[in-house]
Structures are given as C-alpha cells and as structure tokens.
Amino acid sequence: MEFVHDDFLLHSRAARRLYHSYAAVQPILDYHSHLPAAEIAGNRTFHNLCELWLEGDHYKWRAMRANGIEERLCSGDGEPYDKYLAWARTVPFALRNPLYHWTHLELKRYFDIGDLLDEASAPHIWNRAAALMESGEFGTQRILRKFRVEVVCTSDDPCDDLSAHRALAASAPGFRVYPTFRPDAALLVHLPEKFNSWTDRLATAAGMEICGLPCFLEALQRRHDFFHSLGGRLSDHGLPYCYADPCTEAQAAAIFARARSGNAVTIEEQERFAGFLMIYFGHLDAKKGWIKQLHLGALRNARTRGVREAGPDGGFDSVGDWSQAAPLCRYLDLLDREGALPKTIVYNSNPADNYVFATAIGSFQDGTVVGKIQFGSGWWFLDQKEAIEWQVNALSNAGLLPRFVGMLTDSRSFMSFPRHEYFRRILCDLLGREMENGELPNDEQLVGGLVRNLCFDNARQYLGLELAPSSENPRESIAARP
C-alpha cells in the first residue's frame, strides 16, 4: 500500500465515514494566506518542481539547513534541479516532521505520485512531474479550481494598489480573491528610516500629503475604505503580543512628529504609539463590520546573519515566550468598552498559551454574533498533527468547537492546499475515535454535521464573503482524490 492512501491518518471506521462522506466533499475557503495576488491574476504557470515547491518555502529551507545544505541551495542562486535534489536528500530525515506528511500529500494530490521521495527516487519524480507540467495545467488559476477553492484571502500592505485584485474581480476566474488589510509597517515609529519611507508610499497611495498624525490617520482610513470597495472584509496584524497601553492622541502626535523628523523613538514610546493605532484600527474594522485577525507570539528574525543573506521571511523565526493573557484581554477589553470590538480571530504560536487563548475568547463573547471571538487554527509551528489536536482540544474544553471557523493555509506556496485535507483527516480521526470509544454519540449525522461545518460552512457564514456564482465556477476533480 502507498504511504498516502485513501484512509491515510484515519484509524477507525467512524473516522473513515466522517472523512469520506462529510469532509472530503467540501470545497475550500482559504481566508488567510500569503499567496501573491499578482501570480493568480497573471495565471503564472510553473515549469518544474523547484519553482512550484521550493520558491519562498522557509519551512523546507529550515529543514535543509538542519541537514547541512548550504544556503545557495536553500534561498540562494543554486540551479533549480540542484535545489530540488538537496530537498530530496533531506526528506528522509524529516520523518515525524509535518514536512514528511505534507511532501507526500502534495506529490499525490498534484501529480498522482505515490513514491516516497529520496535521493534515489528524485530523478524519476522530477521527470514525471515535469512531463505533467508541460501540459499547461499547472497555472495558478487551474490549481485553485482543481482544489475546489472558493475563496482566497491574501495579505496586503495598505500601500498596495490592489491592481491584481481589480483584474481578478473583472475576470471571473471561478473563485474569489479578496485583499486583507495588514498595516504592520504603520507601527514602526522606532525605525524612522523604514517608517518614513513607508509613510511616503502611504501618502502616494492615499493621494494626499501627510503632514501630521491627523493626516496619517486619514490616509490609513482612505486605504481601509479602498480595500473595502474591492471586497476586503478582513484585517490582520502580526504582533509579538497585543499592545494594550495606548498613549493619548496628543502623545501619539508628538511621537509621530519625532519619527517623521528622523529622530529616535524609544521602544516604550513605540509600544504606546502602536497601542493607540491598534485601537484606531479596531474602530475602523468595527465600523465596517470587518473581521480582525491577530497573529500573536512569534519571535521573528532571530538570526541576524541569516536574515541578511535570505531576507526577513527566510526561516529564522521561532516561538516566542511573552506573556499573552493580560495584554490580549486588555486590548479586547479596551475595544469592547468603546463598543468597537469587531469579530476577531486570535492565532497562537506557543502551545503553552493554548488555554490562555481558548479561555480569553470566552470572556468577550457578547451574544450578538455566533462565535464572535475565535481561537484560530494551529498557526506556523503549530499547524501539524499533534498541535492541531491540541488546539481542537483546548477549544473544545473551554468553548464551542462546533462554532469554530476552521483551517487555513497561511502559506506563500501554491502547493499548500492539501493542508486543508491534512486538517480534515486529523479532525475526523479525532472525532471518529471518540465516537467509537463512546465519548461522543454514535450519531453520524450529528458528528458529520460538525465536520462539514468546520470544513467550510462556518467560515462562509462567519466571514460573509461573496462566493463566485456557480455558473462561473465549474469544479474539476483531482485525479488522485479519493
């Protein structure tokens, strides 16, 4: 039997019924990703496994470095086939790392290749994949249709002109692509050179001069309005922890002016300025009925020399160990007290904080919206089998799992859509085991309905994003899909 088979990760009859009858048939709503919208709009076509599989994939680069692979073959300028061979040599050493599961799921689902990847099988797999790619079926839009992706939400800087999103909205490709407003650069007043360059770009994008804090806030609002006009309904913030000690507007104006003049701003002042802006962003989101996403807890760019060589998304990050409970609850409470707490999804990167997040969200449900505050799916270092179960268990014990909005890819790779299948198989295995143990009712309709909702329907209802009309949205099955 091939490693990835019809019942991969499904260890009971109940799990298999749940997966094949309720999970596998659901389309995908990928509400947080880092896919380049320009590559979707331009229908980029991939020609080899290095392009499709290794470009920008810092998960693989980390594993390759740990396996003694030089940087030239990770993020550098090595030949595509040499990079691929270096990855193939690494894969056998990734046993019990989620990369091993993902690698073989991706080979099976994209190319119907069931062989285990190693140095010996690498040439055959490369050639077989290349032959399939020559057919032209590996354009980005074709990939999205093959995996029955209804919606992709990208992550976009407020200065982006969103021309790719406008093109996609006009072309009716059979799925929707929406922008997500990610204004992390607006908080960087302690880095005046970077902050001022970005603020100048913001002024150009907003079509106005930024001469002080009021103009800065207006420019941000104009861009928020622009994202809304193109269907954007989500914001996103990547933070070590919530900034929950905001300064006054007068203090924020003074800090802004000092940064704009190129003078130093202390870390304490930066955090208070960030707190002021995060409250402002909360009001913008609440006023328009948007969903706010908070990605918390990552310690980014830990290795200075590596970042210089490979860039800020090169795989030099780790789990952070900051205190999360107090600042998260203070931030949500500040917005709630002002009647400006939008629907919010919080994502945790430290497994020690799972119950912190799962219990914190329960304090801010107000009965106005089903599952208004969400504990998001396992993120970054926690999107593997064990940690997916941890997140599901914490949410189940402290809240309402049936109201959870489900999985996403959070990826820059067009090879990542099987991560939805991975989540679904893990979920069905967990629930099926509990059905057979008598810990859940042996009621397939009841538990199957939960599976269906967590795979697609809850996200569709919570996000309220418009789907492509069915007449424009022909669905193509993947040959290898069971």
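As the structure is a computational prediction, the values presented were derived from the model and not from experiment.

What to know about the overall build of the protein chain
Logical step 1: The secondary structure content of the protein chain amounts to 19 helices and 10 strands.
Logical step 2: In terms of C-alpha radius of gyration, the protein chain reaches 23 Å, essentially the compact-globule figure of 23 Å for 482 residues.
Logical step 3: With respect to the three principal axes, the spread of C-alpha positions in the protein chain is 70 × 55 × 45 Å.
Logical step 4: Counting across all 482 residues of the protein chain, residues that qualify as buried make up 57%.
Logical step 5: Put simply, of all contacts in the protein chain between residues at least 6 apart along the chain, 77% involve residues at least 24 apart.

Thoughts on the pairing of strand β9 (residues 343-348)
Logical step 1: Along β9, 6 of the 6 residues are buried, which leaves the element largely enclosed by surrounding structure.
Logical step 2: Side chains Lys343, Ile345 and Tyr347 project from β9 onto one buried face, and the interleaved Thr344, Val346 and Asn348 project onto a second face that is buried too.
Logical step 3: Across 6 bridges, strand β6 (residues 291-296) lies against β9 in parallel orientation. Looking at the pairing, His295 lines up with Tyr347 of β9.
Logical step 4: By the bridge criterion, 3 bridges tie β9 to strand β10 (residues 373-375) in an arrangement that is parallel. In the sheet register, Thr344 faces β10, and the bridge partner there is Ile373.
Logical step 5: For the crossover that starts at β9, traverses helix α16 (residues 354-362) and ends in the parallel β10, the hand is right-handed.

Here we look at the confidence of the model for the protein chain
Logical step 1: In the predicted model, the protein chain carries a mean pLDDT of 95, and the fraction of residues at 70 or more is 97%.
Logical step 2: Under a pLDDT of 50 for its full length, residues 471-482 has, in the predicted model, 31 contacts with residues more than four places off or in other chains.

Structural notes on unusual backbone geometry
Logical step 1: In this structure, Asp112 is a non-glycine residue whose phi angle is positive, near 55 degrees.
Logical step 2: Note that Asp112 resides in the loop between α6 (98-111) and α7 (122-133).
Logical step 3: In this structure, Arg148 takes a positive phi of about 55 degrees despite not being glycine.
Logical step 4: Looking at where Arg148 falls in the secondary structure, it is placed in the loop between α8 (140-146) and β2 (149-153).

Considerations on the nonpolar core
Logical step 1: Counting 158 residues, the largest nonpolar core has Phe111 and Phe216 as its most contacted members.
Logical step 2: Those residues in contact with Phe111 that sit more than four places away from it in its chain are Leu49, Leu52, Glu106, Arg128, Ala129, Leu132, Met133, Phe138 and Met415.

A closer look at the packing of helix α1 (residues 13-23) against helix α18 (residues 418-436)
The geometry of a pair of packed helices is captured by two quantities: the angle between their axes and the separation between those axes.
Logical step 1: For the pair α1 and α18, the least separation of the axes is 7 Å and the interaxial angle reads 135 degrees. Considering the angle they form, α1 stands oblique to α18. Taken as a pair, α1 and α18 cross one another with a handedness that is right-handed. Contact with α1, carried on its side by Arg13, Ala14, Ala15, Leu18, Tyr19 and Ala23, involves Glu421, Arg424, Arg425, Cys428, Asp429, Leu431, Gly432, Met435 and Glu436 of α18 and no other residues of that element.
Logical step 2: For the contact of α1 with α18, the per-class residue count stands at 8 nonpolar, 1 polar and 6 charged.

Topic: helix α17 (residues 385-398)
Logical step 1: For α17, spanning 14 residues, the distance from its first C-alpha to its last is 20 Å, which sits close to the expected 20 Å at 1.5 Å a residue.
Logical step 2: Of all the residues in α17, the buried ones are Ala387, Ile388, Glu389, Gln391, Val392, Ala394 and Leu395.
Logical step 3: For α17, the side-chain oxygen to backbone nitrogen distance between the N-cap and Glu386 is 3.2 Å, and the N-cap itself is Gln384.

Description of the pattern of salt bridges
Logical step 1: Within this structure, the stated rule accounts for 31 salt bridges.
Logical step 2: Two residues, Arg142 and Glu137, come together in a salt bridge whose shortest N-O distance is 3.9 Å.
Logical step 3: We classify Glu137 as partly exposed; its relative accessible area is 29%.
Logical step 4: The closest approach of N and O atoms between Asp457 and Arg452, which form a salt bridge, is 3.9 Å.
Logical step 5: On the accessibility criterion, Arg452 (32% relative accessible area) is partly exposed.
Logical step 6: Here the residues in one salt-bridge network are Glu39, Arg44, Glu51 and Glu55, joined through shared partners.

Observations concerning the sheet that holds strand β3 (residues 176-178)
Logical step 1: The strand order β1-β2-β3 describes an open sheet built from 3 strands, whose pairing is parallel. Two strands in the sheet have a free side with no partner beyond their single neighbour: β1 (28-30) and β3. Strand-to-strand twist across the sheet, computed as the mean angle between neighbouring axes with direction ignored, equals 10 degrees.
Logical step 2: In this structure, β1 lies alongside β2, joined through 3 bridges in parallel fashion. In the sheet register, Leu29 faces β2, and the bridge partner there is Val151.

What counts and what doesn't
- Residues numbered from 1 in each chain as written.
- Predicted model: local features only at pLDDT ≥ 70, side-chain atom pairs only at ≥ 80, totals over all residues.
- Heavy atoms only, no water.
- Helix = DSSP H or I, 4+ residues; strand = E, 2+ residues; numbered from the N terminus.
- Rg over C-alpha atoms; globule rule 2.2 N^0.38 Å.
- Buried < 20%, exposed > 50% of the residue type's maximum accessible area, 1.4 Å probe, protein only.
- Contact = heavy atoms within 4.5 Å.
- Pairing = 2+ DSSP bridges.
- Right-handed = clockwise from strand over helix to strand, strands pointing away.
- pLDDT = per-residue confidence, 0-100.
- Core = buried A, V, L, I, M, F, W, Y, C linked by side-chain atoms within 4.5 Å.
- Axes fitted to C-alpha atoms, helices over the stretch in contact; angles between N-to-C directions.
- Parallel < 35°, antiparallel > 145°, perpendicular 65-115°, else oblique.
- Left-handed = near helix turned anticlockwise from the far one by under 90°.
- Nonpolar A, V, L, I, M, F, W, Y, C, P; charged D, E, K, R; others polar.
- Expected span 1.5 Å × (residues − 1).
- Polar contact = N/O pair within 3.5 Å; in protein donor to acceptor, adjacent residues only side chain to side chain.
- Salt bridge = Lys/Arg side-chain N within 4 Å of Asp/Glu carboxyl O.

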